[in-house]
Amino acid sequence: MEPFVVIFLFCLLIGAVVGFLAGLLGIGGGLIIVPILLHLLITELSLELTQAMPMAIATSLFTIILTGFSASRTHYKLGNVDWFITGWSGLGIALGAVLGAQLASNIPGQMLKSIFAFLVFGIACYMLFGKRKASEQEASKSRLTGVGLFAGFLSSLMGIGGGSIMVPSLVWFNISIKKAIGCASVCGVVIAIFGSLSFVQAGWNSTQLPDYSFGYVYLPAAVGIVITSVLTAGVGARVSQKLDTSVLKKVFAGFLTLVSLFMLFG
C-alpha cells in the first residue's frame, strides 16, 4: 500500500477523535494531530525531522479551518459566540498566528519538537492543577487584542486551535465557560487560516517536501482528518452543553503529559 494511502487512512480515525474534542472542549486537535502525524511522516515517508515537524504543525492548522468552523457554527446556534470578544481577539490572533508560523518554519526541527513538548506539558499541568480565577478587570478591546496576540503566536507555533490558551484567559475576564469555549472555537478558525497560509508561503519553493504537499501542508493527511472531524465537531459541541467537562479535562491532561514525554524522549 502506498505511504500516502496509509497516512490518509490513519488520519480518518484521528479526525473523528480530534473533531469531537474540538467541539467538546474548545481545544484544537493539534495537541493530538501533531505528534501522531509527525510519527507517520517520519516512518511512512522517511522525512527528516527538519521537514516533518513544520509539516505536522502546518497540516494540523490547515485541518482546524474546517473542524473549527463546524464547531463554531454549532456554538453560534447555541448562543455561545460573542462577536465583540471574537472580533477584538481576532485582530491580535491574526498577527500572532503569522509570526508563530514564520518562526516555526525557520528554527531547527529538534528545537521545535522540544518547544512543542514543553508547551504541551505546561497546558496539561494547567488543566490538572489550574484554578479558574476571575479578574475584576473587564474584557476591554486592548486586553482582548493582547490575549489574542499571545494565543495566536503560541497556537501557530504548536499547530493548535488555541482553545487551551483562549478559554482560561476569557474565563479570567468573567466570561462564562460555555461562551469562552464558543468564542475560542471561532478564534481557532482565525488562527488556523492565518497560520496555515503562512506555512504554505514558507514552504512554497522548497524542493525537499514530498509529493502532494501544498507548501508545508501535507494534503492526504489534511483531507483524511477533515472528512471525519467536521462530522464529529458538531457532536462534541452539543455534548459540551450537557456534560460537566472537568473530569474529561483531567483525563485529557494525563494523555497530554504522555504526549509531551514521548515528544521529548521518543
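Heads up: the structure comes first, above all this text.
The paragraphs below set out a description of the structure included in this document.

What counts, and where the lines are drawn
- Residues numbered from 1 in each chain as written.
- Predicted model: local features only at pLDDT ≥ 70, side-chain atom pairs only at ≥ 80, totals over all residues.
- Heavy atoms only, no water.
- Disulfide = S-S within 2.5 Å.
- Buried < 20%, exposed > 50% of the residue type's maximum accessible area, 1.4 Å probe, protein only.
- Helix = DSSP H or I, 4+ residues; strand = E, 2+ residues; numbered from the N terminus.
- Axes fitted to C-alpha atoms, helices over the stretch in contact; angles between N-to-C directions.
- Left-handed = near helix turned anticlockwise from the far one by under 90°.
- Nonpolar A, V, L, I, M, F, W, Y, C, P; charged D, E, K, R; others polar.
- Parallel < 35°, antiparallel > 145°, perpendicular 65-115°, else oblique.
- Contact = heavy atoms within 4.5 Å.

The next point concerns the state of the cysteines. Two cysteines joined by a covalent bond between their sulfur atoms form a disulfide. Counting across every chain of the model gives zero disulfides. No disulfide involves Cys 183; its sulfur sits 6.6 Å from the nearest other cysteine sulfur, which is in Cys 187. Residue class for Cys 183 comes out buried when judged on its relative accessible area of 0%.

Moving on, we come to the environment of Ser 46. Locating Ser 46 in the fold gives a position in the loop between α2 (30-45) and α3 (49-77). You can call Ser 46 exposed: its relative accessible area is 59%. Sequence separation of Ser 46 and Pro 210 is 164 residues, and the distance between their C-alpha atoms is 9.7 Å.

Let us look at the packing of helix α4 (residues 83-104) against helix α6 (residues 141-158). Their axes nearest at 6 Å, the elements α4 and α6 cross at an angle of 35°. Crossing handedness for the pair α4 and α6: right-handed. In terms of residue class, the contact of α4 with α6 is built from 15 nonpolar, eight polar and one charged.

At their nearest, the axes of helix α7 (residues 163-172) and helix α8 (residues 177-203) sit 9 Å apart, and the two run at 140° to each other. Taken together, the axes of α7 and α8 lie oblique to each other. Pair α7 / α8 crosses with right-handed handedness. Across the interface between the two elements, Gly 163, Met 166, Val 167, Leu 170 and Val 171 of α7 pack against Ile 177, Ala 180, Ile 181, Cys 183, Ala 184 and Cys 187 of α8. In terms of residue class, the contact of α7 with α8 is made up of ten nonpolar, one polar and no charged.

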